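Structural overview for review
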Amino acid sequence: MLHALRAEWRREWVQLRRYPTELLSELAVIVLVFYGLFLGGSYMAGGAILGGRLSDIIVGYALWTLSMMSIGTMGWTISNEAQNGTLEQVFMSPYGASLILLLRNMANVVIGLLFTILTLFSVMAITGHYLFVSPWDMVPGLLMIASATGLGYLVASVTILMKRSQQFLNLLQFILLFLIMAPTANLGGAWRWLAIMAPFSPVVALLRSMMTQGSALFGAGDWLLWSVVNAVLWLLIGLLVFGWAQKKARRRGNLSHY
Amino acid sequence: MLLEVGGLVKRYKTKDRQIVEAVRGIRFTLSAGTILAFLGPNGAGKTTTIKMIAGLVRPDDGDVTVEGHSLSGRSGQALRHLGAVLEGSRNLYWRLTPLENFEYWGGIRGLSRKTARDHGRELMREFGLEDKIGSTVQQLSRGMQQQVAICAALIHSPSLLLLDEPTLGLDLDASDRIQDYVLRLAHERGVGILLTTHQMEVAQTLADRISIIQSGVLTLEGFKEDVLARFTGSSYVFELAEAPSAEARILADNLGAAWTSECEFRVVLDRPTDVYEIMRALEPCSVVRVMRETADLATVFREHTRKSVSMESVREVTA
Ligand SMILES: Nc1ncnc2c1ncn2[C@@H]1O[C@H](COP(=O)(O)OP(=O)(O)OP(=O)(O)O)[C@@H](O)[C@H]1O
Ligand SMILES: [Mg+2]
């Protein structure tokens, strides 16, 4: 399995190196967005950086883009490879397609993370504003990406059955944005289950409490526990649904385009 | 036994909710070192069968085992022993070089980078493509791409290779190279190969065994020599003095004539005396020469499918 992970990693890396213009344009977008956030942040704070707030915005933005990437990658891989005529070969791997897609997603996230950190540092160097991001912020970040991967399997399932997934992806992004904006953490009674079970909800509550109240990772009530439960739950749901979708596509005989 | 295919059945539902019975109870076995040519008209169910063996299409009934591992159980074990080049697919990443493709496809089959690279180099050398190892697949000719795809399918040294129309659309040189390689792979290294093709000369060169599938049913199965021998001695070539009239041509067609030119056709006759019947049918056009010849696979295929199709239509009429 390690060999498969390395293979995914190398494949991504080679493609990045081979097509540097695509890489550069992607990087340029990230740099511009971060630069804008920095400038905007310092402007709003009247020149004196509101250190905490700005780093929250940056961390939030980085997490959002990484999660969206995790949600979209697997579906995109499937539709792209179905068109290119390599999908069936991927599905013939003895490890199974679910695992291969997971490894591919991991390779993507690591590369995305590297770029984000890289641009963050260069933007900090350019603007002269330095942010402190605690390494503990990585934990909710990883939980968020785990949930996102579960949702990614759902998108992949829709893609493999319907051969397109853009509408579903848009809808999903809209719902997630709503869940992130809405203060679900304050809901009481039966609604509290929504705050725990809805994708991203508990981890956003955790992040919010860490950022705005400056609470430590383990000091934010039960939100850390619920975030772990939530991430595992959505990962499992995603895996189960994808397993079912695969079976269905194999029964229909239309794994690749027919 | 390397490959055992037992009672495979596949019904597809089309978009307009009709049922297509693509494969209706196919069973056969394939042993190591044997090349089985899977022949049949368009839509007969060849690709469906191959994809069921590769685990890409789920059969409605029946099972496949590869090296004793069932595909419906823990399919991983069966898939480890199997490589496939699928019809009309690229089977490769075009943006990567052959070597990078081998690393990837080897990696997701559990090979280390070094093993995949070394084996990939060796395979490319056997095809005489070692100098192409560093160009992207996109830059290679179609024939080379197909050869690289075969190398990639062999990267994990499978004992069973599935080839769906491997020489389709290739020039003579590329086709010959692939055929040479397939022969060596089976007869020197003991790989079992199941291939489909519409090119009868390819099947005739390569096959140890022949299977003909029609409308999802195997209608003929056997060693190539036996299959050819069934028709040998009953195949005739007629050469005519001039092109016959349209009516005479139709009469000859009804007797199964396959025209090779305006004035020449090949026909399989059940009894030698039928030669006279054909000559009568062609009158007043005169026959210059009648040759009895050994049957080739194309003739066998044409004859066999013509007969079993007419049998089938008879069955439909009487039913
Ligand atoms: N995914 C699918 N959904 C519905 N029908 C299908 C599907 N795949 C194949 N078929 C139908 O099943 C039948 C068998 O198709 P198959 O591709 O196996 O034939 P084949 O022998 O490979 O033909 P060819 O020589 O043209 O490649 C055909 O009637 C085809 O239209
Ligand atoms: Mg086919």
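Below, the structure is looked at part by part. Treat the numbers as computed from the prediction; the structure is a model and nothing was measured.

1. What to know about the packing of aromatic side chains
What describes a pair of aromatic rings is the distance from one ring centre to the other and the angle between the planes of the rings. In total, this model carries 9 aromatic pairs over all chains according to the counting rule given. Aromatic pair Tyr93 of chain B and Trp105 of chain B: ring centres 5.2 Å apart, planes at 5 degrees, arrangement stacked. Here the residue Tyr93 of chain B occupies a position in the loop between strand 6 (82-85) and helix 3 (98-107), and Trp105 of chain B occupies one in helix 3, the gap between them amounting to 12 residues. Taking NZ or CZ as reference, Arg80 of chain B lies 5.9 Å from the ring centre of Tyr95 of chain A, over its face. Above the ring of Tyr19 of chain A, the side-chain terminus of Arg95 of chain B is found at 3.9 Å from the ring centroid.

2. Focus on unusual backbone geometry
Note that the residue after Glu283 of chain B, namely Pro284 of chain B, is joined by a cis bond; omega there is 10 degrees. Residue Phe200 of chain A is not a glycine yet carries a positive backbone phi of 75 degrees. Positionally, Phe200 of chain A belongs in the loop between helix 8 (191-197) and helix 9 (201-212). Exposure remark for Phe200 of chain A: the relative accessible area of 1% places this residue in the buried category.

3. Focus on the coordination of the magnesium ion (ligand 2)
The magnesium ion (ligand 2) binds to the protein through Thr47 of chain B (OG1) and Glu87 of chain B (OE); the donor distances cover 1.9 to 2.6 Å. Taken together, the positions of Thr47 of chain B in helix 1 (residues 46-53) and Glu87 of chain B in the loop between strand 6 and helix 3 put the pair 40 residues apart, joining distant regions of the chain.

4. Overview of the interface of chain B and chain A
Tallying the contact residues gives 38 residues for chain B and 33 residues for chain A. It is Leu56, Arg58 and Arg95 of chain B in chain B that bury the most area against chain A; as a group they hold 21% of the surface buried on that side. Between Lys51 of chain B and Glu88 of chain A there is a salt bridge, with its nearest N and O atoms 3.0 Å apart. Inspection of the chain B/chain A interface yields 18 residue pairs in polar contact (both at pLDDT 80 or more). Among the elements of the structure, strand 1 (3-13), helix 2 (75-80), strand 6 and helix 3 of chain B are those that each provide at least two residues to the side of chain B that touches chain A.

5. Re the pairing of strand 2 (residues 19-30) of chain B
All names here are of chain B. Pairing of strand 1 with strand 2 involves 9 bridges; the strand directions are antiparallel. Its bridge partner lying in strand 2, Lys13 is registered against Ile19. Where strand 1 folds back onto strand 2 in an antiparallel hairpin, the turn is made up of 5 residues, including Arg17, whose phi is positive at roughly 60 degrees.

6. A word on the site of ligand 1
Around ligand 1 there are 17 residues in total, and Gly43, Lys46, Thr47, Thr48 and His198 of chain B lie nearest to it. Surrounding ligand 1 are residues belonging to chains A and B, so the site spans chains. In the environment of ligand 1, an oxygen atom lies 2.7 Å from a nitrogen or oxygen atom belonging to the side chain of Lys46 of chain B. Interatomic distance of 2.6 Å between a side-chain N/O atom of Thr48 of chain B and an oxygen atom of ligand 1. Protein burial of ligand 1: of its 640 Å² of free accessible surface, 80% is covered by the chains. When contributions to the shell around ligand 1 are tallied by element, the ones reaching two or more residues are strand 2 and helix 1 of chain B. When residues of the shell around ligand 1 are assigned to their parent elements, the largest contribution, 3 residues, is made by helix 1 of chain B. Split into classes, the residues belonging to the shell around ligand 1 amount to 6 nonpolar, 7 polar and 4 charged.

7. Some words on helix 1 (residues 2-18) of chain A
For helix 1 of chain A, with 17 residues, the first-to-last C-alpha span of 24 Å sits near the 24 Å given by 1.5 Å per residue. Those residues of helix 1 of chain A that sit buried are Ala4, Ala7, Glu8, Arg10, Arg11, Glu12, Val14, Gln15 and Leu16 of chain A.

8. Structural notes on the sheet that holds strand 4 (residues 61-66) of chain B
Residues and elements named next belong to chain B. Strand order in the open sheet made by the 4 strands is 2-1-4-5, with antiparallel pairing throughout. Strand pairing shows two members of the sheet lacking a second neighbour, strand 2 and strand 5 (69-70), which therefore form its edges. Direction of pairing for strand 1 relative to strand 4: antiparallel, over a ladder of 5 bridges. Paired with Glu4 across the two strands is Thr65, which belongs to strand 4. Seen against the sheet, helix 1 touches strand 1, strand 2 and strand 4 and runs at an angle of roughly 120 degrees to strand 1.

9. Section: the nonpolar core
By size, the foremost hydrophobic cluster in this structure holds 63 residues, and its most contacted members are Leu39, Trp105 and Ile193 of chain B. The residues contacting Ile193 of chain B, other than those within four sequence positions of it, are Leu30, Thr34, Ile35, Leu36, Leu161, Leu163, Val182, Leu185 and Ala186 of chain B.

10. A short note on the packing of helix 1 of chain A against helix 5 (residues 97-127) of chain A
Residue and element names in this part refer to chain A. Between helix 1 and helix 5, the least distance of the axes is 9 Å, while the angle of their chain directions is 50 degrees. Between helix 1 and helix 5, the interaxial angle falls into the category oblique. The two elements helix 1 and helix 5 cross, and the hand of that crossing is right-handed. Packed against helix 1, whose contacting residues are Ala4, Leu5, Glu8, Trp9, Arg11, Glu12, Trp13 and Leu16, the element helix 5 presents Ile100, Leu103, Arg104, Met106, Ala107, Asn108, Val110, Ile111, Leu114 and Phe115 at the interface. Residues that form the contact of helix 1 with helix 5 fall into these classes: 13 nonpolar, 1 polar and 4 charged.

11. Digging into the pairing of strand 12 (residues 258-261) of chain B
Residues and elements named next belong to chain B. With 3 bridges connecting them, strand 12 and strand 13 (residues 264-268) associate as antiparallel partners. Bridged to Ala258 within strand 13 is Arg266. Hairpin geometry of strand 12 and strand 13 is characterised by an intervening segment of 2 residues between the two adjacent antiparallel strands.

12. Here we look at the packing of helix 6 (residues 138-162) of chain A against helix 7 (residues 166-181) of chain A
Residues and elements named next belong to chain A. Running from N to C, helix 6 and helix 7 point in directions that differ by 155 degrees, and their axes come no closer than 11 Å. Compared by their axis directions, helix 6 and helix 7 come out roughly antiparallel. Both helix 6 and helix 7 take part in a crossing whose hand is right-handed. In this structure, helix 6 uses Met144, Leu151, Leu154, Val155 and Val158 to contact helix 7, whose residues at the interface are Phe168, Leu169, Leu172, Leu176 and Ile180. Of the residues that constitute the contact of helix 6 with helix 7, the class distribution is 10 nonpolar, no polar and no charged.

Parameters at a glance
- For every chain, the first residue of the written sequence is number 1, and numbering continues from 1 along that sequence.
- All chains are assigned letters beginning with A, and all ligands numbers beginning with 1, in the order in which they are written.
- Predicted model: local features are reported for residues with pLDDT of at least 70 only, side-chain atom pairs are reported and counted for 80 or more only, and whole-chain, interface and lining totals are derived from all residues.
- With hydrogens and water stripped out, all remaining heavy atoms of the structure feed into the side-chain values.
- Paired rings are identified among Phe, Tyr and Trp, the last through its six-membered ring, by centres lying within 6.5 Å, and are further divided according to the angle between planes into stacked (under 30 degrees), edge-to-face (over 60) and tilted (the rest).
- Secondary structure elements are taken from DSSP: a helix is a run of H or I of four residues or more, a strand is a run of E of two residues or more, and numbering for both begins at the N terminus.
- Lysine NZ or arginine CZ positioned within 6 Å of the ring centre and within 35 degrees of the ring normal marks a charge as sitting over the ring.
- Burial classification: accessible surface area is computed with a 1.4 Å probe over protein chains only, and a residue below 20% of its type maximum counts as buried, one above 50% as exposed, and the rest as partly exposed.
- Keep in mind that water is not among the atoms, so a site may look incomplete; donors are the N, O and S atoms within 2.8 Å of the metal, or 3.2 Å for Na, K and Ca.
- Working rule for contacts: check all heavy atoms of both residues, and any pair within 4.5 Å makes them a contact.
- The term buried area means the drop in 1.4 Å probe accessible area that two parts suffer when joined, counted for both and summed.
- By definition here, a salt bridge exists when the distance from a side-chain nitrogen of Lys or Arg to a carboxyl oxygen of Asp or Glu is within 4 Å.
- Pairing of N or O atoms within 3.5 Å defines a polar contact, subject to two protein rules: one partner must be a possible hydrogen donor and the other a possible acceptor, and residues neighboring in sequence count only if both atoms are side-chain atoms.
- A strand pair is defined by DSSP finding two or more bridges across the two strands.
- Note on definitions. A residue lies near a molecule or strand when any single heavy atom of the residue is within 4 Å of it.
- Using the Shrake-Rupley algorithm and a 1.4 Å probe, accessible areas are obtained, with residue cover drawn only from the displayed protein chains.
- When residues are grouped by polarity, Ala, Val, Leu, Ile, Met, Phe, Trp, Tyr, Cys and Pro land in nonpolar, Asp, Glu, Lys and Arg in charged, and all others, Gly among them, in polar.
- To estimate how far a helix should extend, the number of its residues minus one is multiplied by 1.5 Å.
- In this analysis, axes come from line fits to C-alpha atoms, helices being fitted only over the stretch in contact, and the angle between any two N-to-C directions falls in the range 0 to 180 degrees.
- As used here, the term nonpolar core means buried Ala, Val, Leu, Ile, Met, Phe, Trp, Tyr and Cys residues forming a set that is joined through side-chain atoms within 4.5 Å.
- Throughout this description, any angle smaller than 35 degrees is read as roughly parallel, any larger than 145 degrees as roughly antiparallel, any in the 65 to 115 degree range as roughly perpendicular, and the remainder as oblique.
- Working rule for handedness: look at the near helix, and if it is turned counterclockwise from the far one by less than a right angle, call the crossing left-handed; if clockwise, right-handed.

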